[in-house]
Amino acid sequence: MPMQINEHQSPEFTAILLVEDDDEVRVNLINLLEGRGYRVVVATNEDASVAAVLASPHQIGLILVDQMMFSDQALALGRRIRSYFSMAATVPVVVIPMEFTEEKEGSDESVGGRDYKAYLANYSQLENLLARLLGLFDIQGVCLDAPS
């Protein structure tokens, strides 16, 4: 059963900034994230993300970038957004590359600090990475808000 996130678990985390330019993928990711209890601030590109963050009443706890661009460019975009708002380097940037080799499928690659490229095999992989980065697992890897 998928985990549900209790927004009171992690007081410093209030929202995920989702930067996604594809309408269909954006809707799927919003449904997934909101369905797990995350607050989502949505933008379609870098300029829109700046406006969305400025308009949002929520603190951004993680930046999720799934853009139709090379993953290094998407990572740079997420890091620029983080720097615009002087967000701490502890605010993770997660990039979902649009293309990758079969060998990388299903893996998460640390790319410095708390930033990752997630080569998705399925959405459960993304859920687990987000929960890990947002501190929703205890030291033994048990979900802190697992359904009973």
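To keep things clear, this report deals only with the structure shown in the data block. This is a predicted model, so every value here is computed, not measured.

## Here's the deal with the pattern of salt bridges
Part 1 of the reasoning: A full pass over the atoms with the stated rule returns seven salt bridges.
Part 2 of the reasoning: When the shortest N-O distance is used, the salt bridge between R26 and D23 registers 2.3 Å. Placement of the pair is R26 and D23 together in helix α1 (residues 23-35), with a separation of three residues, close to one helical turn.
Part 3 of the reasoning: Exposure remark for R26: the relative accessible area of 13% places this residue in the buried category.
Part 4 of the reasoning: Judged by its relative accessible area of 52%, D23 falls in the exposed class.
Part 5 of the reasoning: The shortest N-O distance in the salt bridge between R80 and E46 comes to 2.7 Å. One end of the pair, R80, is in helix α3 (residues 71-84); the other, E46, is in helix α2 (residues 46-55), with 34 residues separating them in the sequence.
Part 6 of the reasoning: On the basis of relative accessibility, which here comes to 17%, the residue E46 falls in the buried class.
Part 7 of the reasoning: Here the salt bridges do not stand alone but share partners, grouping R79, R82 and D115 into one network.

## Looking at the packing of aromatic side chains
Part 1 of the reasoning: Evaluated as defined, the whole model comprises one aromatic pair.
Part 2 of the reasoning: Each ring, one from F100 and one from Y119, has its centre 5.4 Å from the other, and the planes form 70°; the classification is edge-to-face. Taken together, the residues F100 in the loop between β4 (93-95) and β5 (107-110) and Y119 in strand β6 (residues 116-119) connect sequence positions 19 residues apart.
Part 3 of the reasoning: Looking at F100, the relative accessible area reads 31%, which means it is partly exposed.
Part 4 of the reasoning: Given the relative accessible area of 4%, Y119 is considered buried.
Part 5 of the reasoning: Taking NZ or CZ as reference, R132 lies 5.7 Å from the ring centre of Y116, over its face.

## Details of the packing of α2 against α3
Part 1 of the reasoning: Relative orientation of the contacting elements α2 and α3 amounts to 35°, with a least axis distance of 11 Å. Between α2 and α3 lies a crossing of right-handed hand. Contact residues: α2 offers E46, S49 and V50, while α3 offers L77, R80, I81 and Y84.
Part 2 of the reasoning: Its residues placed into classes, the contact of α2 with α3 shows four nonpolar, one polar and two charged.

## Some details on the nonpolar core
Side chains that are nonpolar tend, in soluble globular proteins, to be buried together.
Part 1 of the reasoning: Core analysis: the largest hydrophobic core is formed by 21 residues, its most contacted members being L62, L64, V94, L126 and L130.
Part 2 of the reasoning: Elements represented by at least two residues in this core include exactly β1 (15-20), α1, β3 (60-66), β6 and α4 (123-133).
Part 3 of the reasoning: Of the residues forming this core, the biggest block, five residues, is contributed by α4.
Part 4 of the reasoning: In contact with L64, other than residues within four places in its own chain, are I16, L17, L18, V19, L33, V94, I96 and L126.
Part 5 of the reasoning: Counting 18 residues, the second largest nonpolar core, distinct from the first, contains V19, A43, I60 and M87.

Cut-offs used in this document
Residues numbered from 1 in each chain as written. Predicted model: local features only at pLDDT ≥ 70, side-chain atom pairs only at ≥ 80, totals over all residues. Heavy atoms only, no water. Salt bridge = Lys/Arg side-chain N within 4 Å of Asp/Glu carboxyl O. Helix = DSSP H or I, 4+ residues; strand = E, 2+ residues; numbered from the N terminus. Buried < 20%, exposed > 50% of the residue type's maximum accessible area, 1.4 Å probe, protein only. Phe/Tyr/Trp six-rings, centres within 6.5 Å; stacked < 30°, edge-to-face > 60°. Lys NZ or Arg CZ within 6 Å of the ring centre and 35° of its normal. Axes fitted to C-alpha atoms, helices over the stretch in contact; angles between N-to-C directions. Left-handed = near helix turned anticlockwise from the far one by under 90°. Contact = heavy atoms within 4.5 Å. Nonpolar A, V, L, I, M, F, W, Y, C, P; charged D, E, K, R; others polar. Core = buried A, V, L, I, M, F, W, Y, C linked by side-chain atoms within 4.5 Å.

Purely spatial values, then, with no claim about function.
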